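# Survey of secondary and tertiary structure
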Amino acid sequence: MTDLHTPLFDRAAAHGIALEMQGAVAVVRLCRPAKRNALNDGLIEALRDVFQNLPAEAGAAVIHGEGSHFCAGLDLSELKERDAGEGIHHSRSWHVALNAVEQGRVPVVAALHGAVVGGGLELASACHIRVADESTFYALPEGTRGIFVGGGGSVRVPKLIGAARMTDMMLTGRVYNAQEGERVGLAQYLVPTGTALTKAIELASRIATNAPLTNFALMHALPRIAEQPADHGFFTEALISSIAQAAPEAKSRVRAFLEGKAAKVRKAD
């Protein structure tokens, strides 16, 4: 088992990120409840460090927020004046951190409740699955505050809901509630208030039992295939499919199914 009291993880905790292992699931908690888990540079750097150094035994991860909200966005009280060059480097540092979530070693499930606003929505959109409870609400208030998203939201959020809906959110300050958010694609699951974390850990625990190479392909190959021209996508799919099924674990799983030792797919309740 990985020691979670190393200087790296202790430093992350000091900046508002806590990590605990629940079986094969790395549970990452935003710990600034008095600030509605608003993001500052220290927290972003800690998030980067944690996801770049997840325990070896982690097969999936969950991100959630302490207190009444997932994340209310950028901590405006720490917003600094920057020239254009400084602003570019600052935004790119946030990209590195959220890329560590999206393009890391294991799939990540976000457990959403309360505010998922601005940078909080950027963080949620970097996760692979989003579970929202009925208290969740979503907004991108940057447009009304004279700023622009800088944590990758202009790339990730339109892939979930389309550019037109994101434009509307930023131009008008529109707020989506939990039911609307699920309908337009901001979350894949909607659960009763107070149960998002339980559901997220349940899903992550299931994901962690998958073949690691298949999880890796879904995280890294599928998004790229989706953006390739069809003929390129078909070729990439053929390569990834052959690599995945050649893995010893894949062969043993297929053999177990053929021998009647693996469960068949059943209709959902």
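Coordinates for the structure precede this section.
Bear in mind the structure is a predicted one, so any value in this text is a computation, not a measurement. (Residues numbered from 1 in each chain as written. Predicted model: local features only at pLDDT ≥ 70, side-chain atom pairs only at ≥ 80, totals over all residues. Heavy atoms only, no water.)

## A word on the pattern of salt bridges
By the definition in use, this model includes 10 salt bridges. Among the ionic pairs, R82 bridges to D41, the shortest N-O distance being 3.7 Å. A residue pair is termed long-range when its members are at least 10 positions apart, and R82 in the loop between strand 3 (60-65) and helix 3 (84-102) and D41 in helix 2 (residues 41-52) qualify at 41 residues. Look at R82 and you get partly exposed, because its relative accessible area is 31%. A residue is classified by how much of its surface remains accessible, and D41, at 28% relative accessible area, is partly exposed. What emerges from the salt-bridge pattern is a single network uniting R32, K35 and D75. (Salt bridge = Lys/Arg side-chain N within 4 Å of Asp/Glu carboxyl O. Helix = DSSP H or I, 4+ residues; strand = E, 2+ residues; numbered from the N terminus. Buried < 20%, exposed > 50% of the residue type's maximum accessible area, 1.4 Å probe, protein only.)

## Concerning the layout of surface pockets
Considered as a void within the structure, the largest pocket measures approximately 740 Å³ in volume. Lining the largest pocket are 27 residues, and of these E102, S125, H128, M219 and P223 lie nearest its centre. Secondary-structure elements contributing two or more residues to the lining of the largest pocket are helix 3, strand 6 (129-133), helix 5 (153-161) and helix 9 (212-227). Top contributing element to the lining of the largest pocket by residue count: helix 9, with seven residues. Tallied by class, residues from the lining of the largest pocket come to 10 nonpolar, 10 polar and seven charged. Its boundaries defined by the atoms lining it, the second largest pocket holds a volume of some 570 Å³. Along its surface, the second largest pocket is lined by 27 residues, and L74, L76, L79, E142 and I147 are the ones closest to its centre. (1 Å grid on protein atoms, 1.4 Å probe; cavity = no way out; pocket = protein on both sides within 12 Å on 5 of 7 lines; lining within 4 Å. Points joined across faces, edges and corners; volume = space filled by probe spheres on them. Nonpolar A, V, L, I, M, F, W, Y, C, P; charged D, E, K, R; others polar.)

## Some remarks on a nonpolar patch on the surface
On the surface, L213, F216, F235, L239 and I243 cluster together into a nonpolar patch covering about 480 Å² of accessible area. Per-element tally for the nonpolar patch: the top contributor is helix 10 (residues 230-246), with three residues. (Patch = residues over 30% accessible without salt bridge, like charges linked within 9 Å, V, L, I, M, F, W, Y side chains within 5 Å. Areas by Shrake-Rupley, 256 points an atom, 1.4 Å probe, with all protein chains shown as cover.)

## Comments concerning the sheet that holds strand 2 (residues 25-30)
Sheet architecture is open: six strands sit in the order 1-2-3-4-6-9, paired in mixed fashion. Single-partner strands in this sheet number two, and they are strand 1 (17-22) and strand 9 (189-191). Across the sheet, the mean angle from the axis of one strand to that of its neighbour is 20°, orientation sign disregarded. Where strand 2 and strand 3 come together, six bridges link them in parallel fashion. The partner of V28 across the bridge, within strand 3, is I63. (Pairing = 2+ DSSP bridges. Axes fitted to C-alpha atoms, helices over the stretch in contact; angles between N-to-C directions.)

## Thoughts on the pairing of strand 3
By the criterion of burial, strand 3 is predominantly enclosed, with six of the six residues buried. Since strand 2 and strand 3 lie parallel, the crossover through helix 2 that links them has a hand, and here it is right-handed. Inspection of the sheet shows strand 3 paired to strand 4 (residues 108-112) by three bridges, in the parallel sense. Across the sheet, V62 pairs through a bridge with V109, a residue of strand 4. Taking the sense of rotation as the criterion, the β-α-β connection linking strand 3, helix 3 and strand 4 turns out right-handed. (Right-handed = clockwise from strand over helix to strand, strands pointing away.)

## Re the pairing of strand 6
Buried residues dominate strand 6, accounting for five of its five residues. Of the two faces of strand 6, the one carrying I129, V131 and D133 and the one carrying R130 and A132 are both buried. Of the pairings in the sheet, the one linking strand 4 to strand 6 comprises four bridges and is parallel in character. Residue pairing for strand 6: A111 is matched across the bridge by V131.

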